[in-house]
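Residue strings, one per chain:
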Amino acid sequence: MDPTPGAPARAVEPRGNAQVDLDHTDLAVVRELQTDGRLTYETLAQRVGLSRPATRARVQRLLAGGGVRVVAVVHPAVRELTASAHLSIGVSGPAEPVARAIAAMPQAPFVTLTAGSRAVMAELRTKGLAELDRAVESIRSLKGVDVVDPLISLEHLKDPYLLAGRPEVPELDETDRLILDELERDGRLPFAELAERVGLSPGAARARTLRLLDGGVAKVLALVRPELLGLGLLCGFAVRLDGERDAVARRMAAWERVSFLSACMGRAELVGTISAESLTAVRDTLEDMRACAGVRAVESWIHLELIKERYDLTNHTP
């Protein structure tokens, strides 16, 4: 049986002080912003059934609480991020200093402390395999690192932050890139303020921004802490297969509790993340995986603490 539906969200800035309790209307606002982070307050108000001032106040409260951020996620091809890998990292001694050292690397958008065979998990996204190899070697040389076991990504099959297809804007100039940089920091930045920062008129800034968004160069969306959506448990998994990968991958990607899935090369053919509301839900999803035809084995680990997850700022040092 396929897992019960749940929203595929991934955490932001894990050690924040988010103290936001979401009611049903807050959740409705968040869901809309997860789809389009630049919705006007008027449109958002109509969709959630509030006045414009009440909607604006809700959004500002959510953003101020630290559990919700609205940012632009730029297509990896624009940043030339063509290679990625998922690393299982064993340590000798405390794991947190190792995790924080990896989190300081701009090539590592995702770093977590885990309960499993390895104490640290990380994802790297780089400009080509040569840079990926150098980043892995840098991690191997860190004090306290005992072993690094990489799974090289072949294709991202499901990723809430990955834009589908190729960007339709043929060439970006320096002003386009300045706009993307600003929107990566604040996806709801008003056009007037954006224009001032990049040296354009408000009309020109609006036209440029819409061209970039409509052309698939970037997407503005809300990044939300999973626990605010009742999905506070994150479980990583690696799947070994017998035979063809595609049918199994399509089935798992359709499960809503599977928030991330990637085809890979190494000790497993698939690697991913389960976002769930309880340990029972995690267990049931793993059991569903093991029951899939063609699955030889499933390795899993619980993410204890997200040290870093910043897919919106992959090219920026934290």
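For the structure itself, consult the block above.
All of the points below concern the structure found in this document. All of these numbers come straight from a predicted model, not from anything done at the bench.

### Observations regarding the environment of Tyr41
Tracing the backbone shows Tyr41 in helix α2 (residues 41–48). Classification of Tyr41 as buried rests on a relative accessible area of 13%. Separated by 15 residues in sequence, Tyr41 and Arg56 have C-alpha atoms that sit 6.1 Å apart. Apart from the residues lying within four places of it in its own chain, the contact partners of Tyr41 are Arg52, Thr55, Arg56, Val59, Gln60 and Arg188.

### A short note on the sheet that holds strand β7 (residues 233–241)
If you trace the eight strands once around the closed barrel, you get β2-β4-β3-β10-β7-β9-β8-β5, paired in antiparallel fashion. Neighbouring strand axes in the sheet, compared pairwise and without regard to direction, differ in orientation by 35° on average. For strand β3 (residues 110–115) and strand β4 (residues 120–126), the ladder comprises four bridges, and the chain directions are antiparallel. Across the sheet, residue Val111 finds its bridge partner in β4, namely Ala122. Contacting β5 (145–158), β7, β8 (258–265), β9 (270–276) and β10 (295–309), helix α9 (residues 246–253) runs over the sheet at an angle of about 160° to β8. Contacts from helix α10 (residues 279–291) reach β7, β8, β9 and β10, with the element oriented near 145° to β10.

### Some points on empty space enclosed by the protein
Gaps left between atoms show up when a probe the size of a water molecule is rolled over them. Per the counting criterion, the structure on display carries two cavities of 30 Å³ or more. If you trace the largest cavity, you find 17 residues lining it, with His86, Phe110, Met121, Val271 and Trp301 closest to the centre.

### Here we look at α10
The end-to-end C-alpha distance of α10, which contains 13 residues, comes to 18 Å, matching closely the 18 Å that a straight helix rising 1.5 Å per residue would cover. What α10 keeps buried is the set Ala281, Val282, Thr285, Leu286, Asp288 and Met289. Looking straight down α10, one finds that the buried residues subtend no more than 155° of arc, so they occupy a single side. With respect to the buried face of α10, the exposed residues turned more than 90 degrees away are Leu279 and Ala291. In this structure, the buried side of α10 is in contact with β7, α9, β8, β9 and β10.

### Quick look at the pattern of salt bridges
Going through the model one piece at a time under the given rule, you end up with 24 salt bridges. The closest approach of N and O atoms between Arg61 and Asp26, which form a salt bridge, is 2.6 Å. With a gap of 35 residues between them, Arg61 in helix α3 (residues 52–65) and Asp26 in helix α1 (residues 24–35) connect regions that are remote in the sequence. For the salt bridge of Asp176 with Arg211, the shortest nitrogen-to-oxygen distance reads 3.4 Å. Of this pair, Asp176 sits in helix α6 (residues 174–185) while Arg211 sits in helix α8 (residues 202–214); the two residues are 35 residues apart in sequence, bridging distant segments of the chain. The class of Asp176 is buried, set by a relative accessible area of 1%. On the accessibility criterion, Arg211 (36% relative accessible area) is partly exposed.

### Digging into the packing of helix α7 (residues 191–198) against α8
Here α7 crosses α8 at 95°, and the two axes come no closer than 8 Å. Considering the angle they form, α7 stands roughly perpendicular to α8. Residues Phe191, Ala192, Leu194 and Ala195 of α7 lie in contact with α8, whose contacting residues are Pro202, Ala205, Arg206 and Thr209. Classifying every residue of the contact of α7 with α8 by side-chain character gives six nonpolar, one polar and one charged.

### Structural notes on the pairing of β8
In terms of burial, β8 is a largely internal element, seven of the eight residues being buried. Note: β5 against β8, five bridges, orientation antiparallel. Among the inter-strand pairings, Glu155 is bridged to a residue of β8, identified as Ala263. Alignment of β8 against β9, held across five bridges, turns out to be antiparallel. Following the sheet pairing, Val258 is matched in β9 by Ile274.

### A word on the layout of surface pockets
In this model, the largest pocket occupies a volume close to 480 Å³. Lining the largest pocket are 19 residues, with Asp36, Arg38, Leu39, Thr40 and Phe191 positioned closest to its centre. Going through the elements one at a time, α8 and β6 (218–224) are the ones with two or more residues in the lining of the largest pocket. Residue composition of the lining of the largest pocket, grouped by class: 10 nonpolar, four polar and five charged. Taken as a whole, the second largest pocket encloses approximately 380 Å³ of empty space. Lining the second largest pocket are 16 residues, and of these Pro76, Leu81, Thr82, His156 and Leu162 lie nearest its centre. The set of elements that each furnish at least two residues to the lining of the second largest pocket consists of β2 (83–91) and β5. Among the elements that line the lining of the second largest pocket, the one with the most residues is β5, at four residues.

### Structural notes on the packing of aromatic side chains
Evaluation of the coordinates by the stated rule reveals zero aromatic pairs. Above the face of the Phe191 ring, Arg38 is positioned so that its terminal group lies 4.5 Å from the ring centre. Just above the ring of Tyr41 sits the side chain of Arg188; from NZ or CZ to the centre is 4.7 Å.

Definitions and limits used
- Residues numbered from 1 in each chain as written.
- Predicted model: local features only at pLDDT ≥ 70, side-chain atom pairs only at ≥ 80, totals over all residues.
- Heavy atoms only, no water.
- Helix = DSSP H or I, 4+ residues; strand = E, 2+ residues; numbered from the N terminus.
- Buried < 20%, exposed > 50% of the residue type's maximum accessible area, 1.4 Å probe, protein only.
- Contact = heavy atoms within 4.5 Å.
- Pairing = 2+ DSSP bridges.
- Axes fitted to C-alpha atoms, helices over the stretch in contact; angles between N-to-C directions.
- 1 Å grid on protein atoms, 1.4 Å probe; cavity = no way out; pocket = protein on both sides within 12 Å on 5 of 7 lines; lining within 4 Å.
- Points joined across faces, edges and corners; volume = space filled by probe spheres on them.
- Expected span 1.5 Å × (residues − 1).
- Arc of directions from axis to C-beta.
- Salt bridge = Lys/Arg side-chain N within 4 Å of Asp/Glu carboxyl O.
- Parallel < 35°, antiparallel > 145°, perpendicular 65-115°, else oblique.
- Nonpolar A, V, L, I, M, F, W, Y, C, P; charged D, E, K, R; others polar.
- Phe/Tyr/Trp six-rings, centres within 6.5 Å; stacked < 30°, edge-to-face > 60°.
- Lys NZ or Arg CZ within 6 Å of the ring centre and 35° of its normal.

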